[in-house]
Amino acid sequence: MASQAPNPQLPPLYQGLEPINSSKHADWNVRQLMKVPHAATVHAVPATVDEFAMLQKTYPIIFSAGDNPVPLVLMGLNEGVNCYLDEEGGLIDQETYLPAYLRRYPFMLAKLRPDSDELSLCVDPTSGGIGEFDEGEPLFDGKEPSAATKNILNFCEQFETAGQRTQTFMNALKEHDLIMDGEVAIQPAGLEKPFVYRGFQMVDEKKLRDLPGDKLRKLNQEGILPLIFAHLFSLSMIRDLFARQVRQGKGPVDEKDIAAAQQSPASTEA
């Protein structure tokens, strides 16, 4: 399912990073990307705690494997599978909530020098989101950032702030030893063996229930408890995601095979 935490050297989806500046991009425009082709094969993207309430209605929220897990929103149960985007990287259902990580693309804040904490607005130069084309809005008004660029910068800053809150959430889970290896077995009706998904982490519900009252009260006061519940509730969406994969012909078994197995004599007797 999920594997390791995203590589900090090159974030998922980004194929390059270039700082935006008034010298090189003085006459360039920015346009909204309605489709990102290489996003169609991204099965999981980082999630922030600010989105958990919205995400859990549609997607499973899990944690990556490893010693420093991060929250991930699953868009497919297998590498290379995305059940919410079409082959061109556009939303299949326009009413579906799109994770902020995808809405931020192709921009992000990044350090230009390892010896400085200053963050600069950067863009994936391969995205087609900015360029010397006629459509879109200008990146700069003279030497100053345009209104469009300021809006992009503001969104990226909000995303960074949400990322800090997300790290606080993860630190709390680790402090209370609430993270465990996850496993989900999905048994389609009529089939003999279930499909088992591993390689991710989740909150240990037993340890959560066994926490002393004072620790639970502190987690609630810090806003951690509602986020834990959003994560746990979202895990039921794994089965919905499996069904979505099967309907789209991207699952480990064909929809026709499941239907045939359900109609077989052995299945009827059971």
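What counts, and where the lines are drawn
Here the residue numbering is sequential within each chain, running from 1 through the sequence in written order. Restriction of local features to residues with pLDDT of at least 70 applies here, the model being predicted, together with a cutoff of 80 or more for giving and counting side-chain atom pairs; totals for whole chains, interfaces and linings are based on all residues. As a rule here, side-chain values cover all heavy atoms of the structure and leave hydrogens and water aside. Helix numbers and strand numbers start at the N terminus; a helix is a DSSP run of H or I with at least 4 residues, a strand a run of E with at least 2. Exposed residues in this analysis have more than 50% of their type's maximum accessible area, buried residues have under 20%, and partly exposed residues fall in between, with area computed by a 1.4 Å probe over protein chains only. Residues adjacent in sequence count toward polar contacts only when both atoms are side-chain atoms; beyond that, a polar contact is any pair of N or O atoms within 3.5 Å, and within protein one must be able to donate a hydrogen and the other to accept it. Residue contacts are counted whenever heavy atoms from the two residues lie within 4.5 Å of one another. Put plainly, a pocket is an open set of points on a 1 Å grid over the protein atoms alone with protein on both sides within 12 Å along at least five of seven lines, a cavity is a set where a 1.4 Å probe fits but cannot get out, and a lining residue has an atom within 4 Å of a point. Grid points are joined across faces, edges and corners, and a volume is the space filled by probe spheres set on the points. The term salt bridge refers to a side-chain nitrogen of Lys or Arg lying within 4 Å of a carboxyl oxygen of Asp or Glu. A fitted line through C-alpha atoms serves as each axis, taken over the contacting stretch for helices, and the angle formed by two N-to-C directions is quoted from 0 to 180°. In what follows, roughly perpendicular refers to angles from 65 to 115 degrees, roughly parallel to angles under 35, roughly antiparallel to angles over 145, and oblique to any angle outside these ranges. Residue polarity follows a fixed list, in which Ala, Val, Leu, Ile, Met, Phe, Trp, Tyr, Cys and Pro are nonpolar, Asp, Glu, Lys and Arg are charged, and the others, Gly among them, are polar. Strands are treated as partners if at least two bridges between them are detected by DSSP. Each residue gets a pLDDT score, which is the predictor's confidence in that residue and runs from 0 to 100. By convention a nonpolar core is built from buried Ala, Val, Leu, Ile, Met, Phe, Trp, Tyr and Cys residues, the set being connected through side-chain atoms within 4.5 Å. A pair of cysteine sulfur atoms is labelled a disulfide when the two atoms are within 2.5 Å.

Focus on the side chain of threonine 166
So, step 1. Mapped onto the fold, threonine 166 is located in helix α3 (residues 147–175).
So, step 2. Owing to a relative accessible area of 6%, threonine 166 belongs among the buried residues under this scheme.
So, step 3. A polar contact of 2.8 Å, which involves the side chain of threonine 166, links it to the backbone oxygen of alanine 162.
So, step 4. Apart from the residues lying within four places of it in its own chain, the contact partners of threonine 166 are Ala47, Thr48, Val49 and Pro71.

Concerning the layout of surface pockets
The method is simple in principle: a probe with the dimensions of a water molecule rolls over the atoms, and the space it marks as empty is what remains.
So, step 1. Taken as a whole, the second largest pocket encloses approximately 740 Å³ of empty space.
So, step 2. What lines the second largest pocket is a set of 27 residues, and nearest its centre among them are Gln32, Leu33, Leu102, Arg103 and Tyr105.
So, step 3. Going through the elements one at a time, α2 (100–104) and α3 are the ones with two or more residues in the lining of the second largest pocket.
So, step 4. The greatest single-element share of the lining of the second largest pocket, amounting to 5 residues, is contributed by α3.

Some thoughts on the pattern of salt bridges
So, step 1. Scanning the model with the defined rule gives 11 salt bridges in all.
So, step 2. Close ionic contact of aspartate 50 with arginine 165 constitutes a salt bridge, the shortest N to O distance being 2.6 Å. One end of the pair, aspartate 50, is in the loop between β3 (44–46) and α1 (52–55); the other, arginine 165, is in helix α3, and 115 residues separate them in sequence.
So, step 3. Residue aspartate 50 is classed as partly exposed on the basis of its relative accessible area of 44%.

Details of the packing of helix α5 (residues 213–221) against helix α6 (residues 224–234)
So, step 1. For the pair α5 and α6, interaxial distance at closest approach is 5 Å and the crossing angle is 90°. Taken together, α5 and α6 sit at an angle that is classed as roughly perpendicular. On α6, the residues that touch Leu216, Leu219 and Asn220 of α5 are Ile224, Leu225 and Pro226.
So, step 2. Looking at side-chain class alone, the contact of α5 with α6 contains 5 nonpolar, 1 polar and no charged residues.

Observations regarding the sheet that holds strand β1 (residues 18–19)
So, step 1. In space, the 3 strands of this open sheet follow the order β1-β7-β6, with antiparallel pairing throughout. In this open sheet, the two edge strands, each paired with only one partner strand, are β1 and β6 (107–111).
So, step 2. Summarising the sheet, β1 and strand β7 (residues 119–123) pair through 2 bridges and their orientation is antiparallel. Bridge pairing in β7 links glutamate 18 to valine 123.
So, step 3. This element, α3, spans β6 and β7 of the sheet and lies at about 65° to β6.

Some thoughts on the confidence of the model for the protein
So, step 1. With 91% of its residues at a pLDDT of at least 70, the protein reaches an overall mean of 90.
So, step 2. Within the model, the stretch residues 2–7 combines pLDDT values under 50 with 21 contacts to residues more than four positions away or in other chains.
So, step 3. A low-confidence stretch, residues 266–270 (pLDDT under 50), is modelled with 5 contacts involving residues beyond four sequence positions or located in other chains.

Re the environment of asparagine 29
So, step 1. Here asparagine 29 shows up in strand β2 (residues 29–30).
So, step 2. For the pair asparagine 29 and serine 116, spaced 87 residues apart in the sequence, the C-alpha separation amounts to 29 Å.
So, step 3. For asparagine 29, the contacting residues outside a window of four places in its chain are Gly129, Ile130, Gly131, Phe133, Asp134, Glu135, Gly136, Glu137, Pro138 and Leu139.
So, step 4. A polar contact of 3.4 Å, which involves the side chain of asparagine 29, links it to the backbone oxygen of aspartate 134.
So, step 5. At 3.3 Å, the side chain of asparagine 29 and the backbone oxygen of glutamate 135 are in polar contact.

Describing the nonpolar core
So, step 1. Counting 59 residues, the largest nonpolar core has Leu13, Phe52, Leu77, Phe169, Leu173 and Ile228 as its most contacted members.
So, step 2. Of the residues forming this core, the biggest block, 6 residues, is contributed by α6.
So, step 3. Discounting residues that sit within four places of it in the chain, leucine 173 has contacts with Phe63, Leu178, Ile179, Val203 and Ile228.
So, step 4. Judged by nonpolar contacts, the second largest core, of 13 residues, contains Trp28, Leu121, Ile152 and Cys156.

Some remarks on the state of the cysteines
So, step 1. This structure, assessed with the given rule, holds 0 disulfides.
So, step 2. Free cysteine: cysteine 156, not disulfide-bonded; nearest cysteine sulfur from cysteine 122 at 9.4 Å.

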